[in-house]
Amino acid sequence: MSTLLQVVVPTPAHSTVAGALSYRSELPLAPGTVVRVPLGRREVCGVVWDPAPGDALDDTQLKAIGEPLPGLPPLSAGWRELVAFAAGYYQRSLGEVALAALPPQLRELDGTQLARRLKRSVAARGGDGEAARPDLTADQQQALTAIASEPGPFLLFGATGSGKTEVYLQAVEQLLLADPAAQALVLVPEINLTPQLQARFEQRFGADAVVPLHSGMTHPQRLRSWLAAHAGAARIVLGTRMAVFASLPRLGLVVVDEEHDPSYKQQEGARYSARDLAVYRGRLENAKVILGSATPSLESWQACERGRYRCLEMPTRVGAGVLPRVRLVNMQNQPKGTLFSAPLLAAIGERVARGEQSLVFLNRRGYAPVLACTACDWRSECSHCSAFRVFHKADRTLRCHHCGFTERVPRRCPKCGNVDIAPLGRGTEQLEERLAELLADARRPDGTPARVARMDADTTRAKGALEEQLAQVHAGEVDVLVGTQMVTKGHDFRRITLVAAVNADAALFSSDFRAPERLFSLLMQAAGRAGRDAAHAAASEMWVQTWNPEHPLFAALKKHDYPAFAQQQLQERQQAAMPPFAYQALLRAEARTQEVAQAFLRAAASGAEGLDGSAQVVVFSPVPMTVQRVANVERAQLLLESNSRPALQAFLAAWQPVLHGLRLRGLIRWAVDVDPLAI
Ligand code: ADP
Ligand code: ZN
Ligand code: ZN
């Protein structure tokens, strides 16, 4: 007698949204068991799923299930529910989400290898109850008391340097004191930020207790971490957004650090928000959830105002650290073409002379965003994308930041032959070059010249380069650090007393309604890098060069007043019926031509009429995406909006079969993006 089992398999995302396939098995296997099953001519890895009602089919036609992976405990019911929710909510197939959540090597390993690995990972134990911990501030103490005694979810609204990380550490400690076998999941927005946080957790809990999980790891490393978490041996999993799907059978606490960060949104495949899933997972598995930020997302802020989250405030910096004074430079009063205003330059020079560090940021790498002919209208456009190629002076190339297309800078204008082609606008490379010139006479306390360094995606590409550059900054070998927003996040640079944003205005006039929110949090985060060391804190400054000093955003920034800013933004959003007061989804299409992409979206829109929930869903007209063509693919999108999340969800579910049924020549792919972050 064989049993009928439901197994989810990695079916291509667009072939079916249905859940599992049926297989025959000689053994009754528990839901959550990882198995090998035949699929077409291949054998693939699958997960035994929960039986669906009415599963008693005639099983003579069904293929037999292969071997379960030996020694691997089944994935928990909580994990399966999380996967099922994510697949449903983000409109992807169950198998795609389930299998993407497992480490790649799990699918390739043979049984003996796996059993060996598993044994090794189970052997890992940790916990240094002994490590020194600071006396908590009153704010930290209050936050921890609330976390211990209330259900949450919590929004830890703490200024940069207010000691949020210490609260996470002690919340984990509370958890492990109550239940030594419990597990905590700690999410950070960027791979760059994992090593330093990992070091702090390892110091406190022992190296064996903590495992990292992010896409920068090799497949064997990922498998090792995943198994340690799955077997319950790891106490703390520390990772980027993908880690929200880690198998944690004893999950008791979830921390989402810098919860406002857009990196928590996955931008391909299942486009999930790891922050939102973390909150859902916490509720599902009865684990406490702490979202931390100095500049919370407006979604989370609104959730506090409505009493859905509990707000824990930590407004002041630990010790004598004070937040930097904000200084605006009105660029309208500066000579034309000014890159660094005289007072800013003088302030940086003073820092150099005192042996303090400055940080200058600009969100654009390369030397200049465009190269242009001075005689005709030639510009360094990418021939494959509707975008300009960026001029990189170091290797004299033009590089497309969208498709990667790279060429040597032409000697003369390709259109008219003119030899005079010039950079337009500025990037970090140019900033570094100009600053080095402008600070040529500046001297450090020991009389040596000022040292300017740059840190961005270009300088940190090589393995180990980032760590090396960070170490140099920490060691005081750099006086002025120039970089993209990479340098503004999370790092605990102790000697920085000046931070400058040289060109922040673009975001003020962006068509993206989230641009002001992003800019404000970016500037606050950047300011958060300055004055962290009490010895120099009093003189710390945040400089902003702007053409619009009267903008209300800067008034709030000057006072470090996030609540005022949030209130003003939420009012605007409410009046305009924008998120978080409305719910959005995008249908994106990619095709050989813009016409086909839009024709698909129009057909999808007409197929939407009369569907479940459609009375409460507004379907907008198809439009080309901001960067309309990338790598010769035309892109367009259709916005959907509703004031009811359930109505939008019901509608999207009913729409799926319609979308799958549409076939157009020249259509390459389409995808639904629920709660999109950029529209
Ligand atoms: P945040 O995460 O809010 O930016 P951190 O947790 O990194 O802040 O704390 C900033 C600095 O203050 C760190 O160097 C940390 O070790 C230190 N710190 C945190 N809490 C305390 C405390 N209660 N007493 C002394 N130092 C503390
Ligand atoms: Zn020309
Ligand atoms: Zn390109």
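Fair warning: this is a prediction, and the values are worked out from it, not measured in the lab.

Criteria and cut-off values
- Residues numbered from 1 in each chain as written.
- Chains lettered and ligands numbered in written order.
- Predicted model: local features only at pLDDT ≥ 70, side-chain atom pairs only at ≥ 80, totals over all residues.
- Pairing = 2+ DSSP bridges.
- Helix = DSSP H or I, 4+ residues; strand = E, 2+ residues; numbered from the N terminus.
- Axes fitted to C-alpha atoms, helices over the stretch in contact; angles between N-to-C directions.
- UniProt positions renumbered as here; feature names shortened; annotations may be inferred.
- Contact = placed C-beta atoms within 7 Å.
- Buried ≥ 20, exposed ≤ 12 C-beta atoms within 10 Å, placed from the backbone.
- Core = buried A, V, L, I, M, F, W, Y, C linked by C-beta atoms within 7 Å.
- Domains from an automatic or database assignment.
- Nonpolar A, V, L, I, M, F, W, Y, C, P; charged D, E, K, R; others polar.
- Near = placed C-beta within 6 Å.

Trainee: Got a sec to walk through the sheet that holds strand E11 (residues 310-314)? Specific residues and values, please.
Mentor: Reading across the sheet, the seven strands line up as E7-E8-E6-E9-E10-E5-E11 and stay open at both edges, with parallel pairing between neighbours. Unpaired on one side and paired on the other, strand E7 (210-213) and E11 mark the two borders of the sheet. Between one strand and the next, the sheet's axes are offset by a mean angle of 20°, whatever the strand orientation. Pairing geometry for strand E9 (residues 251-257) and strand E10 (residues 288-293), over five bridges, is parallel. Bridge pairing in E10 links valine 256 to leucine 291.

Trainee: Which residues make up the UniProt feature "binding site: Zn(2+) 1" (unreviewed entry) in the protein chain, and what values go with them?
Mentor: In the numbering adopted here, UniProt assigns the feature "binding site: Zn(2+) 1" (unreviewed entry) to Cys373, Cys376, Cys413 and Cys416. What stands out for the annotated residues spanning 44 residues is how close their C-alpha atoms remain, the widest pair being 8.6 Å apart. Aside from chain neighbours lying at most four places away, what touches cysteine 416 is Cys373, Ala375, Cys376 and Trp378.

Trainee: Lay out the UniProt feature "binding site: Zn(2+) 2" (unreviewed entry) in the protein chain in plain terms, naming residues and giving numbers.
Mentor: Sequence positions flagged by UniProt for "binding site: Zn(2+) 2" (unreviewed entry) are, in local numbering, Cys382, Cys385, Cys400 and Cys403. A maximum C-alpha distance of 8.8 Å among these annotated residues, which run over 22 residues, shows that they cluster at one spot. Tracing the backbone through its elements, the reader meets cysteine 382 in the loop between strand E14 (370-373) and strand E15 (390-392). According to the C-beta neighbour criterion, cysteine 382 is buried, with 25 such atoms within 10 Å. Contacts of cysteine 382, omitting those with residues within four sequence positions, involve Ala387, Phe388, Arg389, Cys400, His402, Cys403 and Phe405. With respect to the secondary-structure elements, cysteine 385 resides in the loop between E14 and E15. Every residue in contact with cysteine 385, bar those within four places of it in the chain, is listed here: Cys400, His402, Cys403, Val627, Arg629, Val630 and Ala631.

Trainee: So what about the nonpolar core? Which residues, and what values?
Mentor: Membership of the largest hydrophobic core comes to 172 residues, with the highest contact counts inside it found for Val7, Ile236 and Val237. The element that contributes the greatest number of residues to this core is helix H5 (residues 164-178), accounting for seven residues. In terms of nonpolar packing, the next biggest core, distinct from the first, is built from 13 residues, Cys373, Phe391, Leu398 and Cys400 among them.

Trainee: Let's hear about the domain arrangement of the protein chain: which residues, and what values?
Mentor: Its domain assignment divides the protein chain into domain 1 (3-100), domain 2 (138-319), domain 3 (323-365 + 427-572) and domain 4 (583-674). Each of domain 1 and domain 4 has a C-alpha centre, and the two are 29 Å apart. Listed as interface residues are five residues of domain 1 and, on the opposing side, six residues of domain 4. Its residues assigned to classes, the side of domain 1 that touches domain 4 shows three nonpolar, two polar and no charged.

Trainee: Describe the site of ligand 1, naming the residues involved and giving the relevant values.
Mentor: Looking at ligand 1, there are 16 residues lining it, with Pro134, Gly163, Lys164, Thr165 and Glu166 nearest. Looking at the shell around ligand 1 residue by residue, the class counts come to three nonpolar, nine polar and four charged.

Trainee: Please set out the environment of alanine 591 residue by residue, giving values where relevant.
Mentor: Mapped onto the elements, alanine 591 comes out in strand E23 (residues 583-591). Residues alanine 591 and leucine 144 lie 447 residues apart in sequence; the distance between their C-alpha atoms is 52 Å. What alanine 591 contacts, discounting residues up to four positions off in sequence, is Val596, Ala597, Phe600, Glu634, Gly666, Leu667 and Ile668.

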